[in-house]
Amino acid sequence: GDSVTQMEGPVTLSEEAFLTINCTYTATGYPSLFWYVQYPGEGLQLLLKATKADDKGSNKGFEATYRKETTSFHLEKGSVQVSDSAVYFCALSDSGNQFYFGTGTSLTVIP
Amino acid sequence: EAQVTQNPRYLITVTGKKLTVTCSQNMNHEYMSWYRQDPGLGLRQIYYSMNVEVTDKGDVPEGYKVSRKEKRNFPLILESPSPNQTSLYFCASQTGTTGELFFGEGSRLTVL
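The sections below set out a description of the structure shown in this document. All values derive from a computational prediction rather than experimental measurement.

Observations concerning the overall build of chain B
Thinking step 1. Tallying secondary structure elements over chain B gives 0 helices and 11 strands in all.
Thinking step 2. Beginning at the N terminus, the succession of helices and strands in chain B can be written as β-β-β-β-β-β-β-β-β-β-β.
Thinking step 3. The C-alpha radius of gyration of chain B comes to 13 Å, within 12% of the 13 Å expected for a compact globule of 112 residues.
Thinking step 4. Here the C-alpha coordinates of chain B stretch approximately 40 × 30 × 25 Å along the principal axes.
Thinking step 5. Counting across all 112 residues of chain B, residues that qualify as buried make up 48%.
Thinking step 6. Excluding contacts between residues fewer than 6 apart, the proportion of contacts in chain B whose partners are at least 24 apart in sequence is 53%.
Thinking step 7. Counting 12 positive and 11 negative side-chain charges, chain B places the averaged centre of each group 6 Å from the other.

Looking at the overall build of chain A
Thinking step 1. Each helix and strand in chain A was counted, giving 0 helices and 12 strands.
Thinking step 2. Here the C-alpha radius of gyration of chain A, 13 Å, is about what a compact globule of 111 residues would show, namely 13 Å.
Thinking step 3. With the principal axes as the frame, chain A shows a C-alpha extent of 40 × 25 × 20 Å.
Thinking step 4. Relative to its full complement of 111 residues, chain A shows a buried share of 48%.
Thinking step 5. Across chain A, the fraction of contacts at a sequence separation of at least 24, relative to all contacts at a separation of at least 6, is 55%.
Thinking step 6. Working note: accessible area of chain A is about 5100 Å², and carbon and sulfur atoms make up 48% of it.
Thinking step 7. Charged side chains in chain A number 7 positive and 12 negative. The centres of these two groups are separated by 7 Å.

Quick look at the packing of aromatic side chains
For any two aromatic rings, the description comes down to two numbers: the centre-to-centre distance and the angle of the planes.
Thinking step 1. What the rule picks out here adds up to 13 aromatic pairs over all chains.
Thinking step 2. Between A:Phe62 and A:Tyr88, the aromatic rings sit 5.6 Å apart at their centres with planes inclined by 40 degrees, giving tilted as the arrangement. Highlighted residues: A:Phe62 in strand β8 (residues 62-65) and A:Tyr88 in strand β10 (residues 86-93), separated in sequence by 26 residues.
Thinking step 3. Judged by relative accessible area, A:Phe62 falls into the buried class, the value being 2%.
Thinking step 4. What links up through ring pairs into an aromatic cluster is the set A:Phe34, A:Tyr36, A:Phe99, A:Phe101, B:Tyr31, B:Tyr35, B:Tyr48, B:Phe90 and B:Phe103.

Comments concerning the side chain of A:Thr65
All names here are of chain A.
Thinking step 1. With respect to the element layout, Thr65 can be found in strand β8.
Thinking step 2. Thr65 sits in the buried class, given a relative accessible area of 16%.
Thinking step 3. Setting aside residues up to four positions removed in sequence, Thr65 forms contacts with Asp54, Asp55, Lys56, Ser72, Phe73 and His74.

A look at the interface of chain B and chain A
Thinking step 1. Taken together, the contact pairs 24 residues of chain B with 19 residues of chain A.
Thinking step 2. Note on chain B versus chain A: buried area summed over both sides is about 1600 Å², and carbon and sulfur give 53% of it.
Thinking step 3. At the boundary of chain B with chain A, the tally comes to 0 salt bridges.
Thinking step 4. Here chain B is connected to chain A by 3 residue pairs in polar contact (both at pLDDT 80 or more).

Focus: the pairing of β8(A)
Residue and element names in this part refer to chain A.
Thinking step 1. Sheet analysis places strand β7 (residues 56-59) next to β8, joined by 4 bridges and oriented antiparallel. Its bridge partner being in β8, Ser58 is matched across the sheet by Glu63.
Thinking step 2. Two successive antiparallel strands, β7 and β8, enclose a turn made up of 2 residues, where Lys60 displays a positive phi of approximately 55 degrees.
Thinking step 3. Two strands pair when backbone bridges link them, and β8 and strand β9 (residues 75-77) are joined in this way by 3 bridges, in the antiparallel orientation. The residue of β9 that forms the bridge with Phe62 is Lys77.

A look at the pattern of salt bridges
Thinking step 1. Summed over all chains, the structure comprises 8 salt bridges over all chains.
Thinking step 2. Among the salt bridges present, the one from A:Asp55 reaches A:Lys52, with a minimum N-O distance of 3.3 Å.
Thinking step 3. Judged by relative accessible area, which is 51%, A:Lys52 ranks as exposed.
Thinking step 4. Across the pair B:Asp38 and B:Arg36 runs a salt bridge whose closest N-O atoms are separated by 2.8 Å. Neither B:Asp38 nor B:Arg36 differs from the other in exposure class; each is buried.
Thinking step 5. It is possible to trace a salt-bridge network through shared partners that takes in B:Lys18, B:Lys65 and B:Glu79.

Reading the values: rules and limits
Residues numbered from 1 in each chain as written. Chains lettered and ligands numbered in written order. Predicted model: local features only at pLDDT ≥ 70, side-chain atom pairs only at ≥ 80, totals over all residues. Heavy atoms only, no water. Helix = DSSP H or I, 4+ residues; strand = E, 2+ residues; numbered from the N terminus. Rg over C-alpha atoms; globule rule 2.2 N^0.38 Å. Buried < 20%, exposed > 50% of the residue type's maximum accessible area, 1.4 Å probe, protein only. Contact = heavy atoms within 4.5 Å. Lys, Arg positive; Asp, Glu negative; His and termini not counted. Charge placed at Lys NZ, Arg CZ, Asp CG, Glu CD. Areas by Shrake-Rupley, 256 points an atom, 1.4 Å probe, with all protein chains shown as cover. Phe/Tyr/Trp six-rings, centres within 6.5 Å; stacked < 30°, edge-to-face > 60°. Buried area = accessible area lost by both parts, 1.4 Å probe. Salt bridge = Lys/Arg side-chain N within 4 Å of Asp/Glu carboxyl O. Polar contact = N/O pair within 3.5 Å; in protein donor to acceptor, adjacent residues only side chain to side chain. Pairing = 2+ DSSP bridges.

Now the structure itself:
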């Protein structure tokens, strides 16, 4: 079945450091891929998405490229801020009905 | 303001005592779904609904029921809760198949 595997955390970075959170997926069809972010005490919110191979999703300085050949959707940001501290979830949806989430990666950015 | 509202936000109950977690959205979304979040397991889909009177199982439906009698509401029912249903529950809604899920703030349930 469909599944998502993402990098274990927690991740701790200094402010302005480069961030990569790895995400790979398994899917039978051609899924849409997502990154969601969860700030403390809140529900998840969409960070970015890509709906087909080679698409790049971007938002708030974060980027991820849908790589079909490596079945990956790694999240990157060139310079993280303290306000980026949160839990990040990679997710896929094959049909728009069922969604599969990774286990989440906790990011802490220290000043 | 567009939102998904869940109640209660926190609940402690005992094994076997039926409970309902309500979920309501004001965005006229057709699609709604329930998830549970557990440490090390991420979010797992319990049930989803594509429209009124249309519901289907997700990955972990055992021990849960849902109903969708109105477009805006999608309650999650635990008929006989057990300690392994202690978890953080999220309701979400989505319009069409855009993939953007709008989440509620979560309901933390403890079953003793």
